[in-house]
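Chain by chain, the residues:
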Amino acid sequence: MPSSPAPRYAGLDGLRAVAVLLVVVYHLFPSAFLHSGFVGVDAFFVISGFLITSLLLRERAATGRIALRAFWVRRARRLLPALALVVTVSASAAWLVGGDVLVGLGRQVLGAATFSYNWLSIAAGTSYFSAGMAGGQPELLRNLWSLAVEEQFYVLWPLLLPLVLLVRGRVARVAVALALATGSAVWAVAAQAGGASITRAYFGTDTHAFGLLLGVAVAFALSPSPSPSPSPSPEGALVRPEGALAPAATRRIAATLATVGVVALTALVVISAWPGGASNYPMVPLAASLATAVLIAAAVHPASPLGAALDVAPLRWIGERSYGIYLWHWPVVVLLGQAAVGRFTDATVPIPVGIAAALVTTVAAALSYRLLEQPVRRLGFRGALRALGARLGGAPARRFGALTTLAAGVLVVGGTTAAVAAAPAVSSSEAVVAAGARALAEASAAPSAATTPRAASEPSALGAAPSPSPTPSPASDATPRTGRHGKPLPPPPAEVSGDRITAVGDSVMLASAEGLLGRFPGIQVDAAVSRSMWAGGEIIDGLSAQGALRDYLVVGLGTNGPVDGADLQEIYDTLGPHRSLVLVTAYAPRDWIPGVNAELAAFAASHPRVVLADWSQAIAPHLDYLAGDEIHPGPTGGQLYAATVADAVDAAENQRAEVAYQVALVRWATARALASAASPTP
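Conventions used here
- Residues numbered from 1 in each chain as written.
- Predicted model: local features only at pLDDT ≥ 70, side-chain atom pairs only at ≥ 80, totals over all residues.
- Heavy atoms only, no water.
- Core = buried A, V, L, I, M, F, W, Y, C linked by side-chain atoms within 4.5 Å.
- Buried < 20%, exposed > 50% of the residue type's maximum accessible area, 1.4 Å probe, protein only.
- Helix = DSSP H or I, 4+ residues; strand = E, 2+ residues; numbered from the N terminus.
- Pairing = 2+ DSSP bridges.
- Right-handed = clockwise from strand over helix to strand, strands pointing away.
- Salt bridge = Lys/Arg side-chain N within 4 Å of Asp/Glu carboxyl O.
- Contact = heavy atoms within 4.5 Å.
- Phe/Tyr/Trp six-rings, centres within 6.5 Å; stacked < 30°, edge-to-face > 60°.

So, the nonpolar core
Nonpolar side chains in soluble globular proteins generally cluster together in the buried interior. L144, W145, F220 and V333 are the most contacted members of the largest nonpolar core, which totals 89 residues. Counting 64 residues, the second-largest nonpolar core is a separate cluster that includes L553, L557, L568 and F603.

Here is the structure:
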């Protein structure tokens, strides 16, 4: 049966536009000021909770019941057409592009089809905020996690709403909704405190329902008062919540509502620009949800001018198409990034790619809205199919258009099937990390090698038998060569052997293990995924207690987070006065990397026996040596990593040898001068 437009609330289309713009700018232009623009999703949640609850309450007030089947059919008509189009077109395009963009595609398509994307992603151990840090590729359909949360809400909430309505009184119902929202936020904090990842808390419906429930609370607060003969609003009419001031409210009330709304909107934008919001879950999204709830209440109030201001034509146009814009923007930018530069990282989208993605997204969403979404919403699924059949039997031009539509549908379904079948098991970055772990395992199993005990979950360290004290340095500690009259000779260039080096690092070092083993046979390597500098002190203390530290300690732990000078000092103190520390700079498309490298450089400049291996400078001109995440080196990159470490270690060794030579030369010259002074004058 054809369906008419649903009632519309003032300002909601404009607010949808604001929400989707926050998310799009955050994803397409990550270097812009919206550091926490992901909270646009939370604004969507609040809008959805308010709108769905308001419509259900109005239906119940008008008819005395909630028609569940009709509600779910309306939701399906609204959501499924655009979703099916985006998934099939994106998957087919990914098949043509190839590479890391195909990783995990089968699971993603299944999650999209069953509205379980968030839970499947949690089960697979994926990450929303740091997809590239553990070797992962930002997923092609990653933005569908929020659609899954909303769909689960659409299924469950109409079933639970009658139970909540058993509670008498508007205030009591608002209190129930607020209590449930608080419980969701508290549960998110407790889950993380109990060891759950931030992605588990962020993706989980249970731990991210507070925005939806805040929207429910606003709907209860603004719900119409019970009436003995309720009548529904005309379809498509602008809804004015009852129980509030009449449209003829005083200018003072209107000005107050406008002021409150503007403050809430400003707060939402400020929260979206808050640095480090990803590490403050659920506090930052909760604050954005509260601001959105206040903004909705101020916008839909009959005395407020804010609703009309938000519904200005450009914002309303975007808001009406916000669903399609949200669906299209992420796969488009992933595919364009992969096609343009052969890789995609969510933290370093080139500006031209971001602009192109914004244009493609706008066009795709507009066409989808006009040619697919609106016809299905108006005619229904069966009606739309009948209309397509009628076109097949119509004039040649109409028949050609219908045949083209059918052919395109067959192509994208076939492309999706091919893409799922061709998807690799792991990404290129995961592959190079796994290759490094295998190289370490094989070297550790060699008869000539001994392993340093580590946790079973981490790759084993590799090296020669532990030495309780630094091995004497042939270049710096042996007796200097002498020439005529016993004069010391300059030392020859030295190359430090692997049996004098201990290396502790993260997944970048792990991916480079084969290169390190080739350049330094016998080197002792202890590297693991997702390790940061704060863990370095404990690891190195353990090696020291076992007597396993060697002359040179190479530390590469700057990729996964900021570096604290206190952690570096702890490592330095553990080494003692007879060992040298080599700090490897970091390279990754992450905002903390410049600070990490500045801290490492400053520490090296202010401490003796500390040198810098500048991996960041070495790899910057050779990004093609890295895997798709622009973090982990492939085979050639691993060789460059080893060469960078070798240059630093050899430079330190030659510096020690040069110091020893200069000391010997001074001693020789002093001895010669004293001997000459003591000789009798002829």
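Focus: the pairing of strand β6 (residues 580-584)
Working note: regular strand, side chains alternate between the two faces of the sheet. Counting buried positions along β6 gives five out of five residues, so the element sits mostly inside the fold. Of the two faces of β6, the one lined by S580, V582 and V584 and the one lined by L581 and L583 are each fully buried. Of the pairings in the sheet, the one linking strand β5 (residues 552-556) to β6 comprises four bridges and is parallel in character. Bridge pairing links L553 to L581 in β6. Taken together, β5, helix α21 (residues 565-575) and β6 constitute a β-α-β crossover, and its handedness is right-handed. Here β6 runs beside strand β7 (residues 610-613); their pairing, made up of four bridges, is parallel. Paired with L581 across the two strands is V610, which belongs to β7. This β-α-β element, β6 to helix α22 (residues 593-606) to β7, shows right-handed connectivity.

Re the pattern of salt bridges
For the structure shown, the criterion picks out 12 salt bridges. Between D13 and R16 there is a salt bridge, and its shortest N-O distance comes to 2.8 Å. Residue D13 and its partner R16 are located together in helix α1 (residues 12-28), separated by three residues, close to a single helical turn. Per residue, the accessibility class of D13 equals that of R16, and both read buried. Of the charged contacts in the structure, one is a salt bridge between R316 and D13, with a shortest N-O distance of 3.7 Å. Here R316, found in helix α13 (residues 313-320), pairs with D13, found in helix α1; they are 303 residues apart in sequence, far enough to count as distant.

Notes on the environment of W145
Within the secondary structure, W145 is located in helix α6 (residues 144-164). The exposure class of W145 is buried, given its relative accessible area of 0%. The residues touching W145, leaving out its near neighbours within four places in the chain, are V41, F45, Y117, N118, Y128, Y202, F203, H208 and Y326.

Let's talk about the packing of aromatic side chains
In the structure shown here, the tally under the stated rule is 14 aromatic pairs. Measuring from centroid to centroid gives 6.0 Å for F45 and W145, while their planes differ by 85 degrees, and the two rings are edge-to-face. On the criterion of sequence distance, the pair formed by F45 in helix α2 (residues 40-63) and W145 in helix α6 is long-range, its members being 100 residues apart. W145 carries the same exposure label as F45, and that label is buried. Ring plane angle 45 degrees and centroid distance 4.7 Å describe the contact between W145 and Y202, whose orientation is recorded as tilted. Of this pair, W145 sits in helix α6 while Y202 sits in helix α8 (residues 198-203), placing them 57 residues apart in sequence. As far as burial versus exposure is concerned, W145 and Y202 are alike and both buried.

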